[in-house]
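Structural overview for review
Next come the chains, spelled out residue by residue.
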Number of protein chains: 2
Amino acid sequence: MSGEEGLIERWFQRGPRRPDVALGIGDDAALLQPAASGLLVACTDTLTEGVHFPEQTPPDAVGHKALAVNLSDVAAMGGTACWALSALTAPRADPAWLGGFADGLLTLASRFGVALVGGDLCRGPTSVTVTVLGTVAPRAALRRDGARPGDGIWVSGTLGDAGLGLAVLQGRAALSGPARRQCVRRLHYPEPRLTLGGRLAGRATAAIDLSDGLMRDLGRLCRASRVGAVIEWERVPCSEALAAWMAHEPEGWRLPLTAGDDYELLFTLPPGEEARLGAELEAGEPPCTRIGTVTEPPGLWLERGGYREIWEAGGGFDHFVEGA
Amino acid sequence: MSGEEGLIERWFQRGPRRPDVALGIGDDAALLQPAASGLLVACTDTLTEGVHFPEQTPPDAVGHKALAVNLSDVAAMGGTACWALSALTAPRADPAWLGGFADGLLTLASRFGVALVGGDLCRGPTSVTVTVLGTVAPRAALRRDGARPGDGIWVSGTLGDAGLGLAVLQGRAALSGPARRQCVRRLHYPEPRLTLGGRLAGRATAAIDLSDGLMRDLGRLCRASRVGAVIEWERVPCSEALAAWMAHEPEGWRLPLTAGDDYELLFTLPPGEEARLGAELEAGEPPCTRIGTVTEPPGLWLERGGYREIWEAGGGFDHFVEGA
């Protein structure tokens, strides 16, 4: 048994089994049985140490997050996740690290019934690319390009905690006790909103998951839909920990608008669906909040403290913009 | 338009279009329409600079190879490739490098009608993970575990050129002129054997693609099938360039048995299929060669110069074995 195969067998041939997996890990490729009806949903995302997660990140958080960010993409399409492939690069075969990574990934996979069906394991700077495949009813898929003027703009959960957690770890913000733990936890263990995405399928006019910051991802949705948006800052949902921190930071109010890594869903609902679903979404888990309205003229506007101002591009995370 | 999105639009939203792509690059995930019958084939492989390809590798070779190694996996399952997702990590947004990478990947994709439907682009040490999805008729898929005693062991093309090319680039072997160009070309631009894989589907009892060296990958196939093998060294197909080099290197004969990166297909044929297909495979493009026989007792044996010896484990490429 060679090194790579031994490690793959030991750490990754666990997790949920599904009857639609004809052949899993261990051959040149996996063989899968897609649902007879429905479209296949496919996405892939890379996390690199020092870029997407700090070097001291616990290995189970790396495994969790690498899968979670892809499940979040499936959620943003209104889909159900079925299968995952994981390509892991690590500088050495450290059993404790690999075991922790596999635990984090497979624990999350188990919660959503996702089978790990393939992957790759090789040597190099720490990085992981996960691909997730899922399914969605053809007309129910949530795209970015369906928002219409007059739709309400909604977001799940609270925004900014993960960004504050990163600032804390990087020494750019001070926080202690439960508030610190909560924010670091939200950074390390994002919760993919698959159940909510499934509820919104066929109902929301557009959706995107928030990976790079509210205003940046909203800008993407608006450009794809050829619309604009007004966001009411006072409605943007924040945790008590973040609210307490913002109260003492003059520029802190920007954080929930620009910080990445929230992995909440941003979606638009036409007035009829707001009337039907709104109260239920507000009372749901996670609670959803209406934070603004889609407008016909392009551009993003922010209302705050009684003033409305155009939101200048910038802020949020982009890998290839200088200074981002 | 943000940096990452601008780059993705500019470089990657090209290549073949397919009617079974409901939604391609640009949303949270791709939406695909799998064939009504047939299994889905899914595989993922990472190439990291300095590990899988030397630092001076031309960018179009990186793009070509990143897709080719995955197409080779689909070929080894007897499948047809349909869609690809590419997750690229690069230290900076160098337009010449990115353009070359995209050209190499998309030129190969076009040749096999594969649509690039998604991906990721981020900053970090150069590395690329491609995922390929394809299809195969359920009972026709070529697995590793079907080889039976008495089956012939076959291989496509010639072995060892890519390994010699790597040795040349690393200064471990001297070669010049057309021989050097040929070997470096085989290292940089492996040819996925999709047409051959499709021909073997439902006929070969087992198959694997040769990424880590003949004897290592044969060992994997034999372990999966719970059989052994005898390989006749004199039958192992080598190019004239490699044969000329081997003639002057006392230990050179090991290279076609151990060198990686050939991406030829290794497959087993029962006697009936050998009688039906053998002559056609030998005369095909690439020509295929019978190099040995599957045996009931486990273990790999090598016949060379009239002697038969057990092949000791070792040789071939493994990421996590010391000294490999």
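Residues numbered from 1 in each chain as written. Chains lettered and ligands numbered in written order. Predicted model: local features only at pLDDT ≥ 70, side-chain atom pairs only at ≥ 80, totals over all residues. Heavy atoms only, no water.

1. Examining the overall build of chain A
Of the regular secondary structure elements, chain A holds 10 helices and 13 strands. Taken against the 2.2 N^0.38 rule, which gives 20 Å for 324 residues, the C-alpha radius of gyration of chain A at 20 Å falls within 12% of a compact globule. Along the longest, intermediate and shortest principal axes, the C-alpha atoms of chain A span 70 × 50 × 35 Å. In chain A, which comprises 324 residues, the proportion classed as buried is 60%. Restricting to contacts in chain A with at least 6 residues of sequence separation, those with at least 24 account for 83%. (Helix = DSSP H or I, 4+ residues; strand = E, 2+ residues; numbered from the N terminus. Rg over C-alpha atoms; globule rule 2.2 N^0.38 Å. Buried < 20%, exposed > 50% of the residue type's maximum accessible area, 1.4 Å probe, protein only. Contact = heavy atoms within 4.5 Å.)

2. Remarks on the sheet that holds strand S4 (residues 80-90) of chain A
Taken in spatial order, the six strands of this open sheet run S5(A)-S4(A)-S6(A)-S3(A)-S2(B)-S1(B), and their pairing is mixed. Both edges of this open sheet fall to strand S5 (115-123) of chain A together with strand S1 (21-23) of chain B, since each of them pairs with a single strand only. Sheet twist, expressed as the mean angle between neighbouring strand axes with direction ignored, is 20 degrees. As paired strands, S4(A) and strand S6 (residues 127-136) of chain A are joined by nine bridges and run antiparallel to one another. Bridging from a neighbouring strand, Ser86(A) pairs with Val130(A) of S6(A). Relative to strand S3 (residues 39-48) of chain A, helix H2 (residues 59-76) of chain A is tilted by about 145 degrees, and along the sheet it contacts S3, S4 and S6 of chain A. Against the sheet, helix H3 (residues 95-111) of chain A makes contact with S4, S5 and S6 of chain A, and its axis sits at roughly 165 degrees relative to S4(A), the strand it touches most. (Pairing = 2+ DSSP bridges. Axes fitted to C-alpha atoms, helices over the stretch in contact; angles between N-to-C directions.)

3. A word on the interface of chain B and chain A
With 64 residues of chain B in contact, the opposing surface of chain A contributes 64 residues. Counting each side, the surface lost to burial between chain B and chain A is near 5,400 Å², with a carbon and sulfur contribution of 59%. At the boundary of chain B with chain A, the tally comes to four salt bridges. For Arg144(A), the salt bridge goes to Asp27(B), with nearest N and O atoms at 3.7 Å. At the boundary of chain B with chain A, the tally comes to 14 residue pairs in polar contact (both at pLDDT 80 or more). In terms of residues, the side of chain B that touches chain A owes the most to one element, strand S3 (residues 39-48) of chain B, which gives nine residues. The residue inventory of the side of chain B that touches chain A, partitioned by class, reads 33 nonpolar, 15 polar and 16 charged. The pairing of S3(A) with strand S2 (residues 30-32) of chain B spans three bridges and is antiparallel. For Leu40(A), the partnering residue across the bridge sits in S2(B) and is Leu32(B). (Buried area = accessible area lost by both parts, 1.4 Å probe. Salt bridge = Lys/Arg side-chain N within 4 Å of Asp/Glu carboxyl O. Polar contact = N/O pair within 3.5 Å; in protein donor to acceptor, adjacent residues only side chain to side chain. Nonpolar A, V, L, I, M, F, W, Y, C, P; charged D, E, K, R; others polar.)

4. Details of empty space enclosed by the protein
Tallying each qualifying case throughout the model produces three cavities of 30 Å³ or more. Within this model, the largest cavity holds a volume of roughly 50 Å³. In this structure, the largest cavity is lined by Thr48(A), Thr89(A), Pro125(A), Thr126(A), Ser127(A), Thr48(B), Thr89(B), Pro125(B) and Ser127(B). For the lining of the largest cavity, the class distribution of residues is two nonpolar, seven polar and no charged. Computed from the structure, the second largest cavity encloses a volume of approximately 40 Å³. The wall of the second largest cavity is formed by Thr46(A), Ala87(A), Thr89(A), Ser127(A), Val128(A), Thr129(A), Thr46(B), Ala87(B), Thr89(B), Ser127(B), Val128(B) and Thr129(B). At the level of elements, S4 and S6 of chain A together with strand S4 (80-90) and strand S6 (127-136) of chain B are the ones that each hand at least two residues to the lining of the second largest cavity. (1 Å grid on protein atoms, 1.4 Å probe; cavity = no way out; pocket = protein on both sides within 12 Å on 5 of 7 lines; lining within 4 Å. Points joined across faces, edges and corners; volume = space filled by probe spheres on them.)

5. Focus on the relation of the copies chain B and chain A
With an axial shift of 0.0 Å and an RMSD of 0.0 Å, the rotation relating chain B to chain A amounts to 180 degrees. Overall, the copies show the geometry of a two-fold rotation axis. Here 100% of the contact residues of chain B are again contact residues in chain A; the copies associate through an equivalent surface. (Least-squares fit on C-alpha atoms with pLDDT ≥ 70 in both.)

6. Quick look at the side chain of Thr295(A)
All names here are of chain A. Structurally, the position occupied by Thr 295 is in strand S11 (residues 288-295). At a separation of 3.2 Å, a polar atom in the side chain of Thr 295 contacts the main-chain amide nitrogen of Ala 229. Of the polar contacts made by the side chain of Thr 295, one reaches the backbone oxygen of Pro 297; its length is 3.1 Å. Among residues more than four places away in sequence, those in contact with Thr 295 are Pro 149, Val 227, Gly 228, Ala 229 and Val 230.

7. A word on the domain arrangement of chain A
When the parts of a complex come together, some accessible area is lost, and that lost area is often taken as the interface size. Residue and element names in this part refer to chain A. Examined at the domain level, chain A breaks down into domain 1 (3-136) and domain 2 (152-310). Measuring from the centre of the C-alpha atoms in domain 1 to the corresponding centre in domain 2 gives 27 Å. Counting residues at the interface gives 22 residues for domain 1 and 19 residues for domain 2. Counting each side, the surface lost to burial between domain 1 and domain 2 is near 1,700 Å², with a carbon and sulfur contribution of 62%. Counting the surface domain 1 buries against domain 2, the share from its top three residues, Lys 65, Ser 72 and Ala 76, is 26%. (Domains from an automatic or database assignment.)

8. Focus: the packing of helix H2 (residues 59-76) of chain B against helix H3 (residues 95-111) of chain B
All names here are of chain B. At a minimum axis separation of 6 Å, H2 and H3 run at an interaxial angle of 35 degrees. Where H2 crosses over H3, the two elements pack in a sense that is right-handed. The segment H2 lies against H3, with Pro 59, Asp 60, Val 62, Gly 63, His 64, Leu 67, Ala 68 and Leu 71 engaging Trp 97, Gly 100, Phe 101, Gly 104, Leu 105, Leu 108 and Ala 109. Within the contact of H2 with H3, the residues separate by chemical class into 10 nonpolar, four polar and one charged. (Left-handed = near helix turned anticlockwise from the far one by under 90°.)

9. As for the packing of aromatic side chains
Each aromatic ring pair is characterised by the separation of its centres together with the angle its planes make. Here the structure, examined in full by the defined rule, presents four aromatic pairs over all chains. Measuring from centroid to centroid gives 6.4 Å for Trp154(A) and Phe267(A), while their planes differ by 15 degrees, and the two rings are stacked. With a gap of 113 residues between them, Trp154(A) in strand S7 (residues 152-156) and Phe267(A) in strand S10 (residues 265-269) connect regions that are remote in the sequence. Judged by centre distance (5.6 Å) and plane angle (10 degrees), the rings of Trp97(B) and Phe101(B) are stacked. Note that Trp97(B) and Phe101(B) are positioned in helix H3 at a spacing of four residues, about one turn of the helix. The pair Trp97(B) / Phe101(B) is uniform in exposure class, with both members buried. (Phe/Tyr/Trp six-rings, centres within 6.5 Å; stacked < 30°, edge-to-face > 60°.)

10. Topic: the confidence of the model for chain A
Per-residue pLDDT for chain A averages 92, and the proportion of residues at 70 or more is 94%. ipTM for the predicted complex: 0.92, alongside a pTM of 0.93. (pLDDT = per-residue confidence, 0-100.)

11. A few points about the environment of Cys238(B)
All names here are of chain B. Among the secondary structure elements, Cys 238 is positioned in the loop between strand S9 (228-232) and helix H8 (240-246). Cys 238 sits in the partly exposed class, given a relative accessible area of 25%. In this structure the C-alpha to C-alpha distance between Cys 238 and Thr 158, which are 80 residues apart in sequence, comes to 4.8 Å. Ignoring sequence-local partners within four residues, the contact set of Cys 238 consists of Thr 158, Leu 159, Met 246 and Pro 256.

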